Amino acid sequence: RETQGRAPARMAPCPAWACLLVLLIAALAPPGAEAGLLSRRQSENPPGPQKPSLGAGAPGGDAPPPWHAQSVGECLGALGCGDTAAGLDAVAVSAALEVFGPNELKAAKATPLWKLFAAQFDDALVKVLLATAATSIVLALLEKEEHGWVEPVVILSILALNAIVGVWQQRSAQGAVAALKRLTPSRARCLRSGVWIDDLPARELVPGDIVEVRTGDRVPADCRVVELRTTTMRTDEASLTGESSTVDKSASPAATDASLAGRSSILHATTMVASGAALAVVLNTGMRTEIGKIQKGVEEAGEEEADTPLARKLDKFGQQLTLMIGGICMAVFVISIPRFRDEAYGGNVWKGALHHFKRSVALGVAAIPEGLPAVITLCLSLGTRRMAQKKAIVRKLPSVETLGCTTVICTDKTGTLTTGQMTVVKLIRPSAGKNGLPLLHHEVSGRSYATSDGTVDGLSAGDAASRGVRELAECAAMSNDAELTDAAVKAAAAAAAAGVPASAAAAAAAIIAAEAEPVICSGEPTEAALLTLVGKLGRIANSNGGGFVAGHGGGFVSGGVDGGLDGGPASIPADPRGSFKKLATLEFTRLRKSKSALVREASGGARLLVKGAPDSVLARCTHIRLPDGATAKLDSAAREAISTTYAQMGKSALRCIALASKPARSLGGLANHDGTPAHRSNRMLKDPNTFHEIESGLTFLGLVGIRDPPRPSVGGAIAACKAAGIRVIMITGDSKETAQAVAKDVGIFSLGDPIEAWTFTGKAFFALPEGQQTALLRSGNLVFCRAEPADKQKLVRMLNRLGEVTAMTGDGVNDAPALRQAAIGIAMGIA
């Protein structure tokens, strides 16, 4: 690698005496010495099995496919851990640690402080100022001036201060690795020698270890799913892959050419388990994990870091200034040559020459702008202060000037252009018509999980209190495992637990609620969005003095469970979950594409509440719920209208969910289920293959459309960029449809733009000829979807080579290499 691109070095000719010496040693060596030497070399460098890379494509020849495309048995065999009931023993672990090292991210060797300090003086203008200071000192000593030291000391002090600031900034930028390390869990549940260790230090994990991960855990290393411990499992990979929704995981092999987001059999290190549990085998640890590759990308980008436009301009100015002042000084000295023999110098040529040399140097010293670095630093500092007032923290002073030179902005989607919080934006419900037609469409406003953020347009308090809407809300709340927490309440509780006075705790909580996310979600984002909708429906009903009550006989009445409208942004007036007992959950499966909850009302009747993919749920519906609670037959016209509606919603990149229910009279033996494992009907809930039959004969309640909404200020910001001649390129790991929909919403694409021609997956773009890639990157706004972290970094590098001043914005771990690669990296939020 070090000699790449260089001519091969020539070997010096071997002298004849050296050749004779080698032959003599070979002849005198005892038999078997050569074999012994070979054996010793092999023992020092054992060949070992060549394991396929986690992210590699299908290699040619007889090489095995990548981990995600292999079966569980093949993976376990390649890792030498055939017995998943015992795990690795101490000997195998010790040997693996010798080969692979600890499971931790390794930081590159830090540059010594003295080198960082010396590097601050590697600048043309600074070198001129150093030369000026040195010359001033020499002249002051020669002339024996009493205050001649003042000017050089001032110059050196200014340069030293600037160097100290530069060193501090570079040292602070080295915190990127520490930030990535904080994402890695410190403990893991691991199987060793047949014994489960619940709190094994994660750094001690090695490839071949058997681990278990559950809901709420962070995955400690890159792992291959061996078996699911629950019906389904989903992980949140948004920060790593850019996927806005959680991802299904299974033990089945994925396609050989699957993208990072499509490797359903792999659990990536540092990602969060949103739901479910699984047994998995460790594949890669430390720097060989996907998060480790991201760190390598960050370090490589740091090595390629180029000067800012301001630094380049100052360097050019310093060179020009040096030539100009040096030429003037030389000209003055040459012009003065005839006066070297003046009587004022006693006819001494050398004395006259020295006098005029000092005159020329003094002229140069006077012309040098020694205050320029201080003035530049002051101006940039004022810029950082103005940025701070706009809630932007600037880590490097030159970044303020670079912002004004930006020609292209590359931006992530999830959490940057959008809020990163899934929100219900559309509600579809049956009308009071004979067969529920026409369907009633309601736009739902709001951009966060706060139930107080937005409302359901066109829905009156009476509508919200109707039996049909109440049952829809009950279904959304009960077939749900998410939780909404008031951030201010949580912060105040944490502060109080730490011994902070009540007033200070309340103030801190208020700041968090006002400036950060007012509501914290735990669980599936889509389920949290449904809870938020339930809260909005309850608030609308309560606006007329009503609230939820249990049972079929009522709608919304006064006296909500949690106090109505004054319960905070996470409150759900008369939360339906307080009026029902959840007996069992029929977890989501890919076959039926739905999830349901068997619940019992306070009045004693059982019900099955179902939510899932509209096509799957609708196919099992036989009836439709009308607003007054009556049930009508789901005829072909209503079925066609519902199908057309969710198809149109899908074209708008909405995630559609259908809600349905099944009454006690149709549940058979489950109608009397008491929620205990010993109940005779519990056997029906043990086999997921029977869930499809249980969820048949359903009554359709309504549809909801969910999306990650754009931030309110994004549209205006992109319009301002267009007006300033700055192009905007979206680079996301999300799907093509979602990326295009967001691009249209925020103004990256305008009406009439060739959207399909300007939208590419990362793989498709880099498969194009290089000339076509360059032409596209020099054209208008673009959208890249299904892009991996390496794709983002490569795109930014290409833009830099085309002479663009690139700004990169992002909020996820997957954006880190591109943020470092760009001329200016803008980290959004806290992810």
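This text follows the structure it describes.
Keep in mind that this is a model prediction, so the values were computed, not measured. (Residues numbered from 1 in each chain as written. Predicted model: local features only at pLDDT ≥ 70, side-chain atom pairs only at ≥ 80, totals over all residues. Heavy atoms only, no water.)

Participant: Sorry if this is basic, but what is going on with the pairing of strand 26 (residues 824-827) here?
Facilitator: Working note: regular strand, side chains alternate between the two faces of the sheet. In this sheet, strand 26 lies alongside strand 25 (residues 806-810) in parallel orientation, the contact comprising four bridges. The residue bridging methionine 808 from the neighbouring strand is glycine 825, located in strand 26. Regarding the hand of the β-α-β motif, the stretch spanning strand 25, helix 28 (residues 816-821) and strand 26 is right-handed. (Pairing = 2+ DSSP bridges. Helix = DSSP H or I, 4+ residues; strand = E, 2+ residues; numbered from the N terminus. Right-handed = clockwise from strand over helix to strand, strands pointing away.)

Participant: Explain the packing of helix 11 (residues 309-335) against helix 12 (residues 349-367) here, please?
Facilitator: How two helices sit against one another is set out by the angle between their axes and by the gap between those axes. Running from N to C, helix 11 and helix 12 cross one another at 155°; their axes reach a closest spacing of 9 Å. Our classification of the angle between helix 11 and helix 12 gives roughly antiparallel. As helix 11 runs across helix 12, the sense of the crossing is right-handed. Contacts from Ile325, Ile328, Cys329, Val332 and Phe333 in helix 11 reach Ala353, His356, Phe357, Ser360, Leu363, Gly364 and Ala367 in helix 12. Each residue belonging to the contact of helix 11 with helix 12 can be placed in one class, and the counts come to nine nonpolar, three polar and no charged. (Axes fitted to C-alpha atoms, helices over the stretch in contact; angles between N-to-C directions. Parallel < 35°, antiparallel > 145°, perpendicular 65-115°, else oblique. Left-handed = near helix turned anticlockwise from the far one by under 90°. Contact = heavy atoms within 4.5 Å. Nonpolar A, V, L, I, M, F, W, Y, C, P; charged D, E, K, R; others polar.)

Participant: Can you help me understand the packing of aromatic side chains in this one?
Facilitator: The relation between two aromatic rings is expressed through the spacing of the ring centres and the mutual angle of the planes. For the coordinates displayed, the defined rule picks out eight aromatic pairs. Arranged with centres 5.5 Å apart and planes meeting at 50°, the rings of phenylalanine 333 and phenylalanine 340 form a pair that is tilted. Under the relative-accessibility criterion, phenylalanine 340 is labelled buried at 10%. Three or more aromatic residues link up through ring pairs in this structure, and these residues are Phe760, Phe765, Phe766 and Phe784. Sitting over the face of the ring of phenylalanine 766, lysine 794 holds its NZ or CZ atom 4.4 Å from the ring centroid. (Phe/Tyr/Trp six-rings, centres within 6.5 Å; stacked < 30°, edge-to-face > 60°. Buried < 20%, exposed > 50% of the residue type's maximum accessible area, 1.4 Å probe, protein only. Lys NZ or Arg CZ within 6 Å of the ring centre and 35° of its normal.)

Participant: Would you mind showing me how to read helix 11 here?
Facilitator: One full turn of an α-helix is made of 3.6 residues, so residues set three or four places apart face in the same direction. Its 27 residues place the ends of helix 11 39 Å apart at the C-alpha level, agreeing with the 39 Å of an ideal helix rising 1.5 Å per residue. Buried within helix 11 we find Pro309, Leu310, Gly318, Leu321, Ile325 and Cys329. (Expected span 1.5 Å × (residues − 1).)

Participant: Sorry if this is basic, but what is going on with the side chain of threonine 406 here?
Facilitator: Residue placement: threonine 406 occurs in the loop between helix 14 (398-403) and strand 10 (408-411). Take threonine 406: its relative accessible area is 8%, and that puts it in the buried class. Looking at threonine 406, its side chain comes within polar contact range of the main-chain oxygen of leucine 403, at 3.2 Å. (Polar contact = N/O pair within 3.5 Å; in protein donor to acceptor, adjacent residues only side chain to side chain.)

Participant: Help me understand the nonpolar core in this model?
Facilitator: Among soluble globular proteins, nonpolar side chains are generally buried collectively. Residues Val424, Val456, Leu537, Leu659, Val704 and Ile706 are the most contacted members of the largest nonpolar core, which totals 39 residues. Where this core is concerned, the elements lending two or more residues are strand 11 (423-429), helix 16 (467-478), helix 19 (525-542), strand 16 (594-601), strand 20 (655-663) and strand 21 (698-707). For this core, the element with the highest residue contribution is helix 19, accounting for nine residues. Other than its neighbours up to four places away in sequence, leucine 659 contacts Leu472, Cys475, Ala476, Val610, Lys611, Thr699, Phe700, Leu701, Gly702 and Val704. Formed by 34 residues, the second largest nonpolar core is a distinct cluster that contains Leu626, Ala632, Met649 and Leu670. (Core = buried A, V, L, I, M, F, W, Y, C linked by side-chain atoms within 4.5 Å.)

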